[in-house]
Amino acid sequence: MRVLFAGVPGIGHLFPLVPLARAMHELGHEVATASMDGGEDVAGAGLPYLPIAPGLDWRKVIREAGRTQRPDLMQRVVESNSADREAFVPLAALVNNRVADDVVELAERWRPDLVVYDYQFPVALLAATRLGVPAVQHDLGFVRTPKLRALMLAEMADTFARHGIDRLPEPAEVIDLAPPSMAGDERYGCSMRPVAYNGEGDLPADLAVPAHRPRVAVTLGTVPPKTDGLTRIERVIEAAADIDAEFVLATGDLDLSTLDTLPDNVRAYGWVPWRALLETCAAAIHHGGSSTALGALDAGIPQLVLPDGSDRFINADAVRDRGAGLRAAAEDIGPALLTRLLTDTELTRAAREVSAEIAAMPSPRTVAERLTGLAGTASLTGTPSLAGTAG
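From a predicted model like this one, the values you see are computed outputs, not experimental measurements.

### Focus on a negative patch on the surface
- Together, D37, E40, D41, D57 and E64 line one region of the surface with negative charge.
- Checked against the element boundaries, D41 lands in the loop between β2 (30-35) and β3 (49-51).

Structure follows, in structure tokens:
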């Protein structure tokens, strides 16, 4: 069987697809991943990569389409830094419209038996419907997507019709990575354990050994530092100087040359495997990316979430409301907040509860085995739900 994975060109959208894609490959299926410019990093996972519409910039098209086609939505997106998801996802649908012909052509050429797609890339649902094969929507974390999917598909109705699809389809299944106790009242789809994929590579040798005092992992992700500068990380570093703990800055390609000399208990690294780092840590501080938050929950350690936009407020609220961490703004950061992160036993208790819950969720391999039954045996709208299964 051939399985095509497709998604938005960003690490936060494509890397969560890798565990299921690898599970499919391990079961003997042929797997490929498709995305637009900027999604090439997923090829490092050892999966064939298929480019879509080379030369087209996802974010640039969103901005241009928002200004020219939906300025009302664009204003809401700008004012909220994309946190207004009901404004943002219809704009994302406009990019889906733009690449529809390319995605359909790719699918017709590669001929998948099953399509799995990031929820912001429903053009893959269009391509699957054209081919008459099942499509599975892969959610990313704590965002509840049924209403957002409806908004996106409504924005794409003319594109579906242009490709001969007059009735907007639904995915055959939806994969939900949210731990059940953090999914809220809106439960749906097939639960799957959020297994971390953070790229290839090992921890630096000095981080692979246990720390002599509490260690805290700090990251602002791949997107936020480019949009808001260093304000939050500067405040964390300043506060860290007064804490009896070791702070590890996992900052990727972020240029830290403008910072003053770091305190003795703060060390800066480039790209570090996040989930592996968390195994050596007592707590984490981060921007609120879904995979970043899920990794800390899986590790069973409390987290301080500093959201700045996009879905990161939703993720931060989910962590805070579950009692597994704290949510704060840049101006709240200080020694007292970091001390609470490291000493509040209730945060640790809740984080460990969620870790145990994650361990009990169906594995990617279990879900992969069940999804293989969709191809050739189920209609796009009549697939039995896999919700509630375990393994």
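Don't stop here, the text continues.
### A short note on unusual backbone geometry
- In this structure, N81 takes a positive phi of about 50 degrees despite not being glycine.
- Checked against the element boundaries, N81 lands in the loop between α4 (71-80) and α5 (85-98).
- Even without being glycine, R111 reaches a positive phi, approximately 55 degrees.
- Under the relative-accessibility criterion, R111 is labelled partly exposed at 48%.

### Focus on the confidence of the model for the chain
- Mean pLDDT over the chain works out to 90, with 92% of the residues at or above the 70 mark.
- In this model residues 378-391 is a low-confidence stretch, pLDDT under 50, and it forms 31 contacts with partners more than four residues away in sequence or in other chains.

### Focus on the pattern of salt bridges
- This structure, assessed with the given rule, holds 25 salt bridges.
- Close ionic contact of E86 with K147 constitutes a salt bridge, the shortest N to O distance being 3.2 Å. A residue pair is termed long-range when its members are at least 10 positions apart, and E86 in helix α5 and K147 in helix α8 (residues 146-155) qualify at 61 residues.
- Taking relative accessible area as the criterion, E86 reaches 37% and is therefore assigned partly exposed.

### Quick notes on a positive patch on the surface
- On the surface, R59, K60, R63 and R67 cluster together to form a positively charged patch.
- Along the chain, R67 turns up in helix α3 (residues 58-68).
- What makes R67 exposed here is its relative accessible area of 53%.

### Quick look at the pairing of strand β6 (residues 173-176)
- Side chains E173 and I175 project from β6 onto one buried face, and the interleaved V174 and D176 project onto a second face that is buried too.
- For strand β5 (residues 135-138) and β6, the ladder comprises 3 bridges, and the chain directions are parallel. Bridge pairing in β6 links V136 to E173.
- Two elements, β6 and strand β7 (residues 190-191), share 2 bridges in a ladder whose sense is parallel. When the bridges of β7 are listed, D176 appears paired with S191.

### Description of the sheet that holds β6
- Taken in spatial order, the 7 strands of this open sheet run β3-β2-β1-β4-β5-β6-β7, and their pairing is parallel. The outermost strands of the open sheet, each flanked by one partner alone, are β3 and β7.
- Lying on the sheet, helix α2 (residues 18-26) is in contact with β1 (2-6), β2, β4 (114-118), β5 and β6; it crosses β1 at an angle near 170 degrees.
- With respect to the sheet, helix α7 (residues 123-131) is in contact with β1, β4 and β5, its orientation differing from that of β4 by roughly 165 degrees.

### Regarding the packing of aromatic side chains
- Scanning all chains against the criterion turns up 2 aromatic pairs.
- Relative to Y197, the ring of F15 lies with its centre 4.8 Å away and its plane at 70 degrees, an arrangement referred to as edge-to-face. Pair noted here: F15 is in the loop between α1 (11-14) and α2 and Y197 is in the loop between β7 and β8 (215-218), with a separation of 182 residues, a long-range link. No difference in accessibility class separates F15 from Y197, as the two residues are buried.
- Arranged with centres 6.5 Å apart and planes meeting at 50 degrees, the rings of W58 and F121 form a pair that is tilted.

### Overview of α8
- Every buried residue of α8 is accounted for by L148, R149, M152 and L153. The arc that holds the buried residues of α8, viewed along the axis, is 130 degrees, so those residues lie on one side.
- Elements in contact with the buried residues of α8: α5, β4, α7, β5, α9 (157-162) and β6.

### Examining the sheet that holds strand β10 (residues 266-269)
- Strand order across the open sheet formed by 6 strands is β10-β9-β8-β11-β12-β13, with parallel pairing between neighbours. The sheet terminates laterally at β10 and β13 (325-327), the two strands that pair on one side only. Put simply, the sheet's adjacent strands are angled 20 degrees from each other on average, direction ignored.
- Note: strand β9 (residues 246-250) against β10, 4 bridges, orientation parallel.

### Some thoughts on the environment of V42
- Residue position: V42 is located in the loop between β2 and β3.
- For the pair V42 and E79, spaced 37 residues apart in sequence, the C-alpha separation works out to 31 Å.
- Among residues more than four places away in sequence, those in contact with V42 are L14, F15, V18, T33 and Y49.

The rules we used
- Residues numbered from 1 in each chain as written.
- Predicted model: local features only at pLDDT ≥ 70, side-chain atom pairs only at ≥ 80, totals over all residues.
- Heavy atoms only, no water.
- Patch = residues over 30% accessible without salt bridge, like charges linked within 9 Å, V, L, I, M, F, W, Y side chains within 5 Å.
- Areas by Shrake-Rupley, 256 points an atom, 1.4 Å probe, with all protein chains shown as cover.
- Salt bridge = Lys/Arg side-chain N within 4 Å of Asp/Glu carboxyl O.
- Lys, Arg positive; Asp, Glu negative; His and termini not counted.
- Charge placed at Lys NZ, Arg CZ, Asp CG, Glu CD.
- Helix = DSSP H or I, 4+ residues; strand = E, 2+ residues; numbered from the N terminus.
- Buried < 20%, exposed > 50% of the residue type's maximum accessible area, 1.4 Å probe, protein only.
- pLDDT = per-residue confidence, 0-100.
- Contact = heavy atoms within 4.5 Å.
- Pairing = 2+ DSSP bridges.
- Axes fitted to C-alpha atoms, helices over the stretch in contact; angles between N-to-C directions.
- Phe/Tyr/Trp six-rings, centres within 6.5 Å; stacked < 30°, edge-to-face > 60°.
- Arc of directions from axis to C-beta.

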